[in-house]
Amino acid sequence: MAGIFKAYDVRGIYPEEIDEATAEAVGVAFPDILDKGGRTAPIVVGRDMRQHSEPLQSALIKGIRSRGVDVVDIGLVTTPMNYFAVGHLGASGGIQVTASHNPPRYNGFKFSLENARPVSGDNGILRLEGLVEAPPQRAGSENGELRSTDISGAYSQHLLGFLEELPTARRLKIVVDAANGMGCIYRSLLEQTGVDLDLLYFDLDGSFPNHEANPLKLENLADLCSRVRETGADLGVAFDGDADRAAFVDEKGEPIGSDLATALIAGELLAREPGKAVIYDLRSSRAVAEYIAECGGIPVRERVGHSFIKATLRKHEGIFGGELAGHYYFRDNFNADCALMAVFEVLNLLRRRGIAMSKIVAPLLRYAKTPEINFEVEDKSGAITELSERFADGRIDYVDGITVEYPDWWFNVRPSNTEPLLRLVAEATTKTLLAEKQELLVGLLGEPV
(Lines give C-alpha, C1' and ligand atoms only; values in the text may rest on other atoms or scores of the structure.)
Protein backbone atom coordinates (compact mmCIF):
# COMPACT_ATOMS: atom_id res chain seq x y z
CA MET A 1 0.00 0.00 0.00
CA ALA A 2 3.05 2.23 -0.11
CA GLY A 3 2.51 5.50 -1.91
CA ILE A 4 -1.29 5.67 -1.80
CA PHE A 5 -1.48 7.71 1.42
CA LYS A 6 -1.24 11.31 0.27
CA ALA A 7 -1.22 14.61 2.16
CA TYR A 8 -5.02 14.95 2.17
CA ASP A 9 -6.45 11.61 1.08
CA VAL A 10 -5.79 8.07 -0.13
CA ARG A 11 -5.46 7.60 -3.88
CA GLY A 12 -4.04 5.02 -6.30
CA ILE A 13 -4.62 2.83 -9.36
CA TYR A 14 -7.32 0.15 -9.12
CA PRO A 15 -6.75 -2.73 -8.60
CA GLU A 16 -2.93 -2.67 -8.58
CA GLU A 17 -2.60 -0.14 -5.73
CA ILE A 18 -6.11 0.06 -4.27
CA ASP A 19 -8.58 -2.82 -4.15
CA GLU A 20 -11.36 -4.18 -1.97
CA ALA A 21 -8.86 -5.50 0.60
CA THR A 22 -7.39 -2.00 0.88
CA ALA A 23 -10.85 -0.52 1.31
CA GLU A 24 -11.79 -2.98 4.04
CA ALA A 25 -8.51 -2.31 5.87
CA VAL A 26 -9.14 1.45 5.73
CA GLY A 27 -12.65 0.86 7.08
CA VAL A 28 -11.29 -1.18 9.99
CA ALA A 29 -8.76 1.52 10.85
CA PHE A 30 -10.80 4.69 10.34
CA PRO A 31 -12.84 4.65 13.60
CA ASP A 32 -9.63 4.91 15.62
CA ILE A 33 -8.75 8.34 14.24
CA LEU A 34 -12.15 9.86 15.03
CA ASP A 35 -12.57 12.26 17.93
CA LYS A 36 -14.82 9.93 19.90
CA GLY A 37 -13.56 6.61 18.63
CA GLY A 38 -16.48 6.33 16.23
CA ARG A 39 -18.74 4.75 18.82
CA THR A 40 -21.20 7.51 19.65
CA ALA A 41 -22.39 8.38 16.15
CA PRO A 42 -22.37 6.64 12.74
CA ILE A 43 -19.89 7.15 9.93
CA VAL A 44 -21.22 8.48 6.61
CA VAL A 45 -20.00 6.70 3.46
CA GLY A 46 -20.66 7.81 -0.12
CA ARG A 47 -19.17 7.15 -3.56
CA ASP A 48 -18.62 8.64 -7.00
CA MET A 49 -19.52 7.19 -10.43
CA ARG A 50 -16.35 5.19 -11.20
CA GLN A 51 -17.00 1.56 -12.08
CA HIS A 52 -15.00 0.27 -9.11
CA SER A 53 -16.39 2.75 -6.55
CA GLU A 54 -19.38 0.60 -5.58
CA PRO A 55 -17.36 -2.54 -4.69
CA LEU A 56 -14.82 -0.39 -2.87
CA GLN A 57 -17.62 1.28 -0.92
CA SER A 58 -19.07 -2.10 0.06
CA ALA A 59 -15.69 -3.32 1.31
CA LEU A 60 -15.14 -0.08 3.17
CA ILE A 61 -18.50 -0.38 4.92
CA LYS A 62 -17.73 -3.99 5.81
CA GLY A 63 -14.52 -2.92 7.51
CA ILE A 64 -16.17 -0.12 9.48
CA ARG A 65 -19.03 -2.31 10.65
CA SER A 66 -16.59 -5.02 11.75
CA ARG A 67 -15.47 -2.58 14.44
CA GLY A 68 -18.99 -2.41 15.83
CA VAL A 69 -19.52 1.04 14.31
CA ASP A 70 -22.76 2.07 12.58
CA VAL A 71 -22.70 3.28 8.97
CA VAL A 72 -24.99 5.57 6.99
CA ASP A 73 -24.75 4.77 3.27
CA ILE A 74 -25.61 7.91 1.31
CA GLY A 75 -24.98 6.27 -2.07
CA LEU A 76 -23.97 8.14 -5.22
CA VAL A 77 -23.07 11.68 -4.12
CA THR A 78 -20.62 14.51 -4.70
CA THR A 79 -17.85 15.04 -2.17
CA PRO A 80 -19.50 18.28 -0.89
CA MET A 81 -22.70 16.29 -0.30
CA ASN A 82 -20.69 13.88 1.84
CA TYR A 83 -19.30 16.77 3.92
CA PHE A 84 -22.81 18.18 4.31
CA ALA A 85 -24.19 14.80 5.38
CA VAL A 86 -21.54 14.47 8.10
CA GLY A 87 -22.53 17.81 9.60
CA HIS A 88 -26.27 17.60 8.94
CA LEU A 89 -26.65 14.08 10.34
CA GLY A 90 -24.35 14.67 13.31
CA ALA A 91 -22.06 11.85 12.18
CA SER A 92 -18.71 11.13 13.81
CA GLY A 93 -16.99 11.29 10.43
CA GLY A 94 -17.30 10.51 6.75
CA ILE A 95 -15.55 8.81 3.86
CA GLN A 96 -16.12 9.49 0.17
CA VAL A 97 -14.95 6.88 -2.34
CA THR A 98 -13.51 8.99 -5.15
CA ALA A 99 -10.36 9.83 -7.05
CA SER A 100 -11.63 13.31 -7.88
CA HIS A 101 -10.26 14.42 -11.28
CA ASN A 102 -7.74 11.58 -11.67
CA PRO A 103 -7.93 9.28 -14.75
CA PRO A 104 -10.45 6.40 -14.80
CA ARG A 105 -8.08 3.73 -13.44
CA TYR A 106 -7.64 5.66 -10.19
CA ASN A 107 -9.76 5.54 -7.08
CA GLY A 108 -9.40 6.49 -3.44
CA PHE A 109 -10.92 7.88 -0.27
CA LYS A 110 -11.52 11.39 1.10
CA PHE A 111 -12.09 11.65 4.84
CA SER A 112 -13.69 14.02 7.31
CA LEU A 113 -14.16 14.17 11.05
CA GLU A 114 -17.09 15.37 13.13
CA ASN A 115 -18.70 18.58 11.75
CA ALA A 116 -16.94 17.92 8.42
CA ARG A 117 -13.52 18.85 9.77
CA PRO A 118 -10.69 17.59 7.55
CA VAL A 119 -8.42 14.61 8.05
CA SER A 120 -4.95 15.34 6.71
CA GLY A 121 -1.32 14.40 7.10
CA ASP A 122 -1.11 16.64 10.14
CA ASN A 123 -4.00 15.12 12.05
CA GLY A 124 -4.77 11.67 10.77
CA ILE A 125 -3.55 10.38 7.39
CA LEU A 126 -0.17 9.24 8.72
CA ARG A 127 -1.82 7.60 11.71
CA LEU A 128 -4.39 5.97 9.44
CA GLU A 129 -1.59 4.54 7.32
CA GLY A 130 0.01 3.02 10.42
CA LEU A 131 -3.29 1.52 11.54
CA VAL A 132 -3.88 -0.03 8.12
CA GLU A 133 -0.46 -1.69 8.31
CA ALA A 134 -1.17 -2.95 11.86
CA PRO A 135 -4.96 -3.37 11.96
CA PRO A 136 -6.94 -2.76 15.18
CA GLN A 137 -8.94 -5.56 16.78
CA ARG A 138 -12.30 -6.18 15.14
CA ALA A 139 -15.52 -6.41 17.14
CA GLY A 140 -16.14 -10.06 16.35
CA SER A 141 -19.80 -10.83 15.76
CA GLU A 142 -21.06 -7.44 16.97
CA ASN A 143 -21.17 -5.68 13.63
CA GLY A 144 -22.37 -2.09 13.45
CA GLU A 145 -25.74 -1.34 11.91
CA LEU A 146 -26.14 -0.21 8.31
CA ARG A 147 -28.81 2.12 7.01
CA SER A 148 -29.23 4.02 3.76
CA THR A 149 -30.23 7.68 3.59
CA ASP A 150 -31.03 9.97 0.66
CA ILE A 151 -29.40 13.28 1.55
CA SER A 152 -30.31 15.08 -1.71
CA GLY A 153 -33.50 16.74 -0.45
CA ALA A 154 -31.92 18.26 2.65
CA TYR A 155 -28.86 19.28 0.63
CA SER A 156 -30.95 21.00 -2.04
CA GLN A 157 -32.94 22.89 0.59
CA HIS A 158 -29.70 23.94 2.28
CA LEU A 159 -28.13 25.28 -0.92
CA LEU A 160 -31.20 26.95 -2.38
CA GLY A 161 -31.44 28.98 0.80
CA PHE A 162 -28.36 30.89 -0.34
CA LEU A 163 -29.74 31.79 -3.76
CA GLU A 164 -31.19 35.31 -3.58
CA GLU A 165 -34.35 36.26 -5.44
CA LEU A 166 -33.19 39.43 -7.12
CA PRO A 167 -34.98 41.26 -9.95
CA THR A 168 -32.99 41.32 -13.17
CA ALA A 169 -33.55 42.95 -16.55
CA ARG A 170 -33.41 39.53 -18.21
CA ARG A 171 -33.13 35.85 -17.43
CA LEU A 172 -29.53 34.71 -17.14
CA LYS A 173 -28.15 31.95 -19.33
CA ILE A 174 -25.33 29.73 -18.10
CA VAL A 175 -23.42 26.84 -19.63
CA VAL A 176 -22.37 24.10 -17.19
CA ASP A 177 -19.80 21.41 -18.02
CA ALA A 178 -19.95 18.43 -15.65
CA ALA A 179 -17.24 16.50 -17.55
CA ASN A 180 -19.32 13.32 -17.05
CA GLY A 181 -18.43 13.52 -13.36
CA MET A 182 -20.51 13.82 -10.22
CA GLY A 183 -21.70 17.31 -11.10
CA CYS A 184 -24.21 15.52 -13.35
CA ILE A 185 -26.41 14.78 -10.35
CA TYR A 186 -26.86 18.53 -9.82
CA ARG A 187 -29.10 18.78 -12.89
CA SER A 188 -32.41 19.07 -10.98
CA LEU A 189 -30.91 21.46 -8.45
CA LEU A 190 -29.52 23.70 -11.18
CA GLU A 191 -32.93 23.71 -12.86
CA GLN A 192 -34.35 25.34 -9.73
CA THR A 193 -32.08 28.39 -10.00
CA GLY A 194 -34.28 30.31 -12.43
CA VAL A 195 -31.70 30.50 -15.21
CA ASP A 196 -31.60 29.11 -18.74
CA LEU A 197 -29.30 26.09 -18.65
CA ASP A 198 -27.09 24.69 -21.39
CA LEU A 199 -25.60 21.46 -20.07
CA LEU A 200 -22.41 19.87 -21.38
CA TYR A 201 -21.44 16.25 -20.68
CA PHE A 202 -24.17 15.57 -18.11
CA ASP A 203 -24.13 11.78 -18.40
CA LEU A 204 -22.33 10.00 -15.56
CA ASP A 205 -19.38 8.15 -17.03
CA GLY A 206 -16.30 7.32 -14.98
CA SER A 207 -14.27 6.81 -18.15
CA PHE A 208 -14.47 10.59 -18.80
CA PRO A 209 -15.03 10.16 -22.56
CA ASN A 210 -15.06 13.85 -23.49
CA HIS A 211 -12.21 15.41 -21.53
CA GLU A 212 -10.35 15.12 -18.25
CA ALA A 213 -12.48 16.26 -15.30
CA ASN A 214 -9.95 18.83 -14.13
CA PRO A 215 -11.03 22.44 -14.76
CA LEU A 216 -7.67 23.74 -13.52
CA LYS A 217 -6.19 22.80 -16.92
CA LEU A 218 -7.20 25.33 -19.54
CA GLU A 219 -7.45 22.68 -22.28
CA ASN A 220 -10.32 21.10 -20.34
CA LEU A 221 -12.26 24.38 -20.54
CA ALA A 222 -12.05 24.61 -24.33
CA ASP A 223 -15.50 23.16 -25.05
CA LEU A 224 -17.08 25.29 -22.32
CA CYS A 225 -15.47 28.48 -23.59
CA SER A 226 -16.58 27.75 -27.16
CA ARG A 227 -20.17 27.02 -26.11
CA VAL A 228 -20.39 30.21 -24.04
CA ARG A 229 -19.27 32.27 -27.04
CA GLU A 230 -21.51 30.41 -29.51
CA THR A 231 -24.67 30.77 -27.41
CA GLY A 232 -24.12 34.23 -25.95
CA ALA A 233 -24.32 32.87 -22.41
CA ASP A 234 -23.71 35.08 -19.41
CA LEU A 235 -21.47 32.61 -17.58
CA GLY A 236 -19.74 29.26 -17.92
CA VAL A 237 -19.13 26.81 -15.07
CA ALA A 238 -16.99 23.67 -15.04
CA PHE A 239 -16.94 21.06 -12.26
CA ASP A 240 -14.21 18.55 -11.54
CA GLY A 241 -14.75 14.80 -11.17
CA ASP A 242 -16.23 14.76 -7.66
CA ALA A 243 -17.72 18.27 -7.97
CA ASP A 244 -15.87 19.83 -5.06
CA ARG A 245 -14.16 22.34 -7.38
CA ALA A 246 -15.54 24.79 -9.92
CA ALA A 247 -14.02 27.05 -12.54
CA PHE A 248 -15.77 30.05 -14.09
CA VAL A 249 -15.75 31.52 -17.59
CA ASP A 250 -17.04 34.99 -18.45
CA GLU A 251 -19.47 35.85 -21.26
CA LYS A 252 -16.55 36.28 -23.68
CA GLY A 253 -15.44 32.71 -23.07
CA GLU A 254 -12.44 33.85 -21.04
CA PRO A 255 -11.52 31.82 -17.93
CA ILE A 256 -11.66 33.68 -14.62
CA GLY A 257 -8.85 32.96 -12.17
CA SER A 258 -10.18 31.12 -9.14
CA ASP A 259 -8.33 33.57 -6.90
CA LEU A 260 -10.32 36.42 -8.47
CA ALA A 261 -13.51 34.40 -8.12
CA THR A 262 -12.64 34.05 -4.43
CA ALA A 263 -12.41 37.84 -4.15
CA LEU A 264 -15.73 38.40 -5.94
CA ILE A 265 -17.62 35.84 -3.83
CA ALA A 266 -16.03 37.36 -0.71
CA GLY A 267 -17.39 40.74 -1.76
CA GLU A 268 -20.92 39.30 -2.01
CA LEU A 269 -20.72 37.76 1.46
CA LEU A 270 -19.08 40.81 3.05
CA ALA A 271 -21.88 43.03 1.72
CA ARG A 272 -24.16 41.07 4.07
CA GLU A 273 -21.70 40.74 6.95
CA PRO A 274 -18.91 43.33 6.81
CA GLY A 275 -15.88 43.03 9.06
CA LYS A 276 -15.50 39.26 8.71
CA ALA A 277 -12.29 37.42 7.89
CA VAL A 278 -11.80 35.87 4.45
CA ILE A 279 -9.09 33.26 3.94
CA TYR A 280 -7.14 33.06 0.68
CA ASP A 281 -4.22 30.88 -0.33
CA LEU A 282 -0.80 32.44 -0.79
CA ARG A 283 -0.72 31.80 -4.55
CA SER A 284 -3.49 34.37 -5.01
CA SER A 285 -3.08 37.70 -6.73
CA ARG A 286 -2.36 40.71 -4.56
CA ALA A 287 -5.66 42.01 -5.90
CA VAL A 288 -7.50 39.46 -3.74
CA ALA A 289 -6.35 40.84 -0.39
CA GLU A 290 -6.81 44.39 -1.66
CA TYR A 291 -10.39 43.75 -2.77
CA ILE A 292 -11.33 41.93 0.44
CA ALA A 293 -10.13 44.93 2.44
CA GLU A 294 -11.95 47.35 0.08
CA CYS A 295 -15.15 45.39 0.74
CA GLY A 296 -14.77 45.81 4.48
CA GLY A 297 -13.31 42.37 5.19
CA ILE A 298 -10.18 41.12 6.88
CA PRO A 299 -7.91 39.28 4.41
CA VAL A 300 -6.08 36.33 5.96
CA ARG A 301 -3.31 34.62 3.97
CA GLU A 302 -2.80 30.87 4.41
CA ARG A 303 -0.78 28.05 2.92
CA VAL A 304 -2.20 25.79 0.22
CA GLY A 305 -4.40 22.87 1.27
CA HIS A 306 -7.97 22.35 2.42
CA SER A 307 -7.00 21.30 5.95
CA PHE A 308 -5.12 24.57 6.48
CA ILE A 309 -7.77 26.80 4.93
CA LYS A 310 -10.58 25.16 6.93
CA ALA A 311 -8.65 25.33 10.21
CA THR A 312 -7.82 29.02 9.69
CA LEU A 313 -11.42 29.76 8.70
CA ARG A 314 -12.54 28.32 12.04
CA LYS A 315 -9.76 30.00 14.01
CA HIS A 316 -10.61 33.48 12.71
CA GLU A 317 -14.37 32.85 12.70
CA GLY A 318 -14.24 33.80 9.06
CA ILE A 319 -17.12 33.86 6.62
CA PHE A 320 -15.43 32.37 3.55
CA GLY A 321 -12.22 31.05 2.04
CA GLY A 322 -10.94 30.13 -1.40
CA GLU A 323 -8.04 28.50 -3.18
CA LEU A 324 -6.46 28.96 -6.59
CA ALA A 325 -7.36 25.33 -7.38
CA GLY A 326 -11.08 26.20 -7.34
CA HIS A 327 -12.07 25.10 -3.85
CA TYR A 328 -14.46 27.49 -2.06
CA TYR A 329 -15.13 27.15 1.69
CA PHE A 330 -18.18 28.55 3.46
CA ARG A 331 -18.74 29.14 7.15
CA ASP A 332 -22.42 28.36 6.70
CA ASN A 333 -21.56 25.00 5.14
CA PHE A 334 -19.71 23.55 8.14
CA ASN A 335 -16.64 25.49 6.90
CA ALA A 336 -16.38 22.90 4.13
CA ASP A 337 -15.91 23.40 0.42
CA CYS A 338 -18.94 23.53 -1.82
CA ALA A 339 -18.49 24.33 -5.51
CA LEU A 340 -22.22 24.67 -6.17
CA MET A 341 -22.63 27.21 -3.37
CA ALA A 342 -19.90 29.22 -5.10
CA VAL A 343 -21.90 29.03 -8.33
CA PHE A 344 -24.98 30.31 -6.52
CA GLU A 345 -23.06 33.26 -5.09
CA VAL A 346 -21.73 34.16 -8.54
CA LEU A 347 -25.32 34.05 -9.83
CA ASN A 348 -26.31 36.36 -6.97
CA LEU A 349 -23.48 38.68 -8.00
CA LEU A 350 -24.54 38.75 -11.66
CA ARG A 351 -28.16 39.42 -10.77
CA ARG A 352 -27.27 42.12 -8.26
CA ARG A 353 -24.85 43.98 -10.50
CA GLY A 354 -26.81 43.61 -13.74
CA ILE A 355 -23.70 43.93 -15.93
CA ALA A 356 -21.54 41.49 -17.88
CA MET A 357 -19.26 39.15 -15.94
CA SER A 358 -16.17 40.47 -17.72
CA LYS A 359 -16.98 43.99 -16.47
CA ILE A 360 -17.38 42.69 -12.93
CA VAL A 361 -13.98 40.98 -13.11
CA ALA A 362 -12.17 43.85 -14.87
CA PRO A 363 -11.39 45.96 -11.75
CA LEU A 364 -9.52 42.98 -10.28
CA LEU A 365 -7.20 42.59 -13.28
CA ARG A 366 -4.65 44.84 -11.63
CA TYR A 367 -1.54 42.74 -12.15
CA ALA A 368 0.05 40.33 -14.61
CA LYS A 369 0.24 36.79 -13.21
CA THR A 370 1.46 33.37 -14.31
CA PRO A 371 -0.53 30.19 -13.96
CA GLU A 372 0.99 27.57 -11.68
CA ILE A 373 4.12 26.26 -13.46
CA ASN A 374 5.58 22.84 -12.55
CA PHE A 375 9.22 21.78 -12.45
CA GLU A 376 10.74 18.37 -11.81
CA VAL A 377 13.44 19.04 -9.21
CA GLU A 378 15.26 16.21 -7.46
CA ASP A 379 16.52 18.28 -4.52
CA LYS A 380 13.49 20.41 -3.60
CA SER A 381 14.87 21.78 -0.33
CA GLY A 382 18.19 22.58 -1.98
CA ALA A 383 16.44 24.52 -4.75
CA ILE A 384 14.46 26.52 -2.19
CA THR A 385 17.67 27.33 -0.29
CA GLU A 386 19.26 28.54 -3.53
CA LEU A 387 16.28 30.79 -4.19
CA SER A 388 16.49 32.25 -0.69
CA GLU A 389 20.14 33.16 -1.31
CA ARG A 390 19.56 34.51 -4.82
CA PHE A 391 16.68 36.75 -3.69
CA ALA A 392 17.93 37.63 -0.22
CA ASP A 393 17.14 41.32 -0.80
CA GLY A 394 13.41 40.58 -1.00
CA ARG A 395 10.93 40.03 1.82
CA ILE A 396 10.96 36.27 2.37
CA ASP A 397 8.66 33.90 4.23
CA TYR A 398 8.43 30.12 4.37
CA VAL A 399 4.74 29.65 5.11
CA ASP A 400 4.52 27.22 2.17
CA GLY A 401 7.76 26.66 0.30
CA ILE A 402 9.29 30.09 -0.24
CA THR A 403 7.58 33.38 -1.03
CA VAL A 404 9.70 36.38 -2.02
CA GLU A 405 8.08 39.80 -2.32
CA TYR A 406 9.24 43.05 -3.88
CA PRO A 407 7.20 46.25 -4.32
CA ASP A 408 6.54 45.56 -8.00
CA TRP A 409 6.60 41.73 -8.17
CA TRP A 410 6.56 38.55 -6.11
CA PHE A 411 6.80 34.79 -6.50
CA ASN A 412 6.10 31.60 -4.59
CA VAL A 413 7.80 28.25 -5.12
CA ARG A 414 6.44 25.34 -3.12
CA PRO A 415 6.83 21.57 -3.17
CA SER A 416 3.82 19.60 -4.37
CA ASN A 417 2.01 17.65 -1.66
CA THR A 418 1.21 14.81 -4.05
CA GLU A 419 3.87 14.77 -6.82
CA PRO A 420 7.70 15.08 -7.13
CA LEU A 421 7.42 18.67 -8.32
CA LEU A 422 8.13 22.25 -7.40
CA ARG A 423 5.33 24.65 -8.33
CA LEU A 424 5.91 28.30 -9.25
CA VAL A 425 3.50 31.23 -9.28
CA ALA A 426 4.70 34.77 -10.03
CA GLU A 427 3.01 38.16 -10.36
CA ALA A 428 4.16 41.63 -11.39
CA THR A 429 2.80 45.08 -12.01
CA THR A 430 3.28 44.77 -15.80
CA LYS A 431 3.39 41.98 -18.38
CA THR A 432 6.89 43.05 -19.41
CA LEU A 433 8.23 42.81 -15.88
CA LEU A 434 6.49 39.48 -15.36
CA ALA A 435 8.06 38.02 -18.52
CA GLU A 436 11.48 39.18 -17.37
CA LYS A 437 11.14 37.65 -13.89
CA GLN A 438 9.56 34.44 -15.20
CA GLU A 439 12.52 33.95 -17.54
CA LEU A 440 14.88 34.49 -14.60
CA LEU A 441 13.10 31.94 -12.41
CA VAL A 442 12.85 29.34 -15.17
CA GLY A 443 16.58 29.73 -15.69
CA LEU A 444 17.12 28.86 -12.04
CA LEU A 445 14.58 26.01 -11.77
CA GLY A 446 14.97 24.33 -15.18
CA GLU A 447 12.52 23.73 -18.00
CA PRO A 448 8.84 23.45 -16.95
CA VAL A 449 7.08 20.10 -17.32
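See the structure shown above.
Here the structure is a predicted model, which is why all the values come from computation and not from measurement.

A word on the sheet that holds strand β15 (residues 328-330)
- As summarised here, the arrangement of the 4 strands in space is β13-β12-β14-β15, forming an open sheet in which the pairing is mixed. Both edges of this open sheet fall to β13 (298-302) and β15, since each of them pairs with a single strand only. Taken over all neighbouring pairs, the strand axes of this sheet differ in orientation by 20 degrees on average, direction set aside.
- Looking at chain direction, strand β12 (residues 277-281) and strand β14 (residues 320-322) are connected through 3 bridges and run parallel. Note on β14: the bridge partner recorded for tyrosine 280 is glycine 322.

Observations regarding the nonpolar core
- Residues Phe239, Phe248 and Met357 are the most contacted members of the largest nonpolar core, which totals 69 residues.
- A total of 10 residues in this core trace back to one element, the largest contributor, which is helix α11 (residues 339-353).
- Residue contacts for phenylalanine 239: discarding those within four places in its chain leaves Val176, Asp177, Ala178, Ala179, Gly183, Tyr186, Pro215, Arg245, Ala246, Ala339, Leu340 and Val343.
- Of all hydrophobic cores here, the second largest spans 31 residues; its members include Val71, Ile95, Val119 and Leu128.

A closer look at the sheet that holds strand β10 (residues 246-249)
- The 5 strands are arranged β8-β7-β9-β10-β11 in an open sheet whose pairing can be described as mixed. Every interior strand has two partners, whereas the edge strands, β8 (196-200) and β11 (255-256), have only one.
- Pairing of strand β9 (residues 235-239) with β10, which is carried by 4 bridges, proceeds in the antiparallel orientation. Each bridged residue has a counterpart across the sheet, and for alanine 238 the counterpart in β10 is alanine 247.
- Against the sheet, helix α7 (residues 222-231) engages β7 (173-177), β8, β9, β10 and β11, with an angle of about 160 degrees to β7.
- Strand contacts of α11: β7, β9 and β10, with the helix running at about 175 degrees to β9, the strand carrying the most contacts.

So, the side chain of asparagine 214
- Mapped onto the elements of the fold, asparagine 214 is located in the loop between β8 and α7.
- Excluding residues within four positions of it along the chain, asparagine 214 makes contact with His101, Asn220 and Arg245.

Digging into helix α5 (residues 152-160)
- Every buried residue of α5 is listed here: Tyr155, Ser156, His158 and Leu159. Each buried residue of α5 sits inside an arc of 160 degrees when the element is viewed along its axis, so together they form one side.

So, the pattern of salt bridges
- Under the counting rule described, the total for this entry stands at 32 salt bridges.
- For the salt bridge of glutamate 273 with arginine 331, the shortest nitrogen-to-oxygen distance reads 2.6 Å. Linking glutamate 273 in the loop between α8 (258-272) and β12 with arginine 331 in the loop between β15 and α11, this pair joins segments that are 58 residues apart in sequence.
- The exposure class assigned to arginine 331 is partly exposed, which follows from its relative accessible area of 23%.
- In this structure, the salt-bridge partner of aspartate 332 is arginine 331, at a minimum N-O distance of 2.9 Å.
- With a relative accessible area of 41%, aspartate 332 lands in the partly exposed category.
- Here the salt bridges do not stand alone but share partners, grouping Glu164, Glu268, Arg272, Glu345 and Arg352 into one network.

A word on unusual backbone geometry
- In this structure, proline 15 follows tyrosine 14 across a cis peptide bond, with omega equal to 0 degrees.
- Position of proline 15 relative to the elements: it lies in the loop between β1 (9-13) and α1 (20-29).
- Although it is not a glycine, alanine 116 sits at a positive phi angle of roughly 65 degrees.
- Of note, alanine 116 is situated in the loop between β5 (106-113) and α4 (125-133).
- Located in the positive-phi region is alanine 243, a residue other than glycine, with phi close to 60 degrees.

Thresholds, definitions, all that
- Residue numbering note: each chain is counted from 1, following its sequence as written.
- The predicted nature of this model means local features are confined to residues of pLDDT at least 70 and side-chain atom pairs, given and counted, to a pLDDT of 80 or more, with totals for whole chains, interfaces and linings taken over all residues.
- In computing side-chain values, all of the structure's heavy atoms are included and hydrogens and water are not.
- For two strands to be treated as a pair, DSSP must find no fewer than two bridges joining them.
- The helix count covers DSSP runs of H or I at least four residues long, the strand count covers runs of E at least two residues long, and both are numbered beginning at the N terminus.
- Working convention: axes come from line fits to C-alpha atoms, limited for helices to the stretch in contact. Angles between N-to-C directions cover 0 to 180 degrees.
- Side-chain atoms within 4.5 Å link the members of a nonpolar core, which is a set of buried Ala, Val, Leu, Ile, Met, Phe, Trp, Tyr and Cys residues.
- Type-normalised accessible area, obtained with a 1.4 Å probe on protein chains alone, sets the label of each residue: buried when under 20%, exposed when over 50%, and partly exposed for intermediate values.
- Note on contacts: a residue pair qualifies if any of its non-hydrogen atoms lie within 4.5 Å across the two residues.
- In this description, the arc belongs to the directions extending from the helix axis to the C-beta atoms.
- We count a salt bridge whenever a side-chain nitrogen from Lys or Arg sits within 4 Å of a carboxyl oxygen from Asp or Glu.

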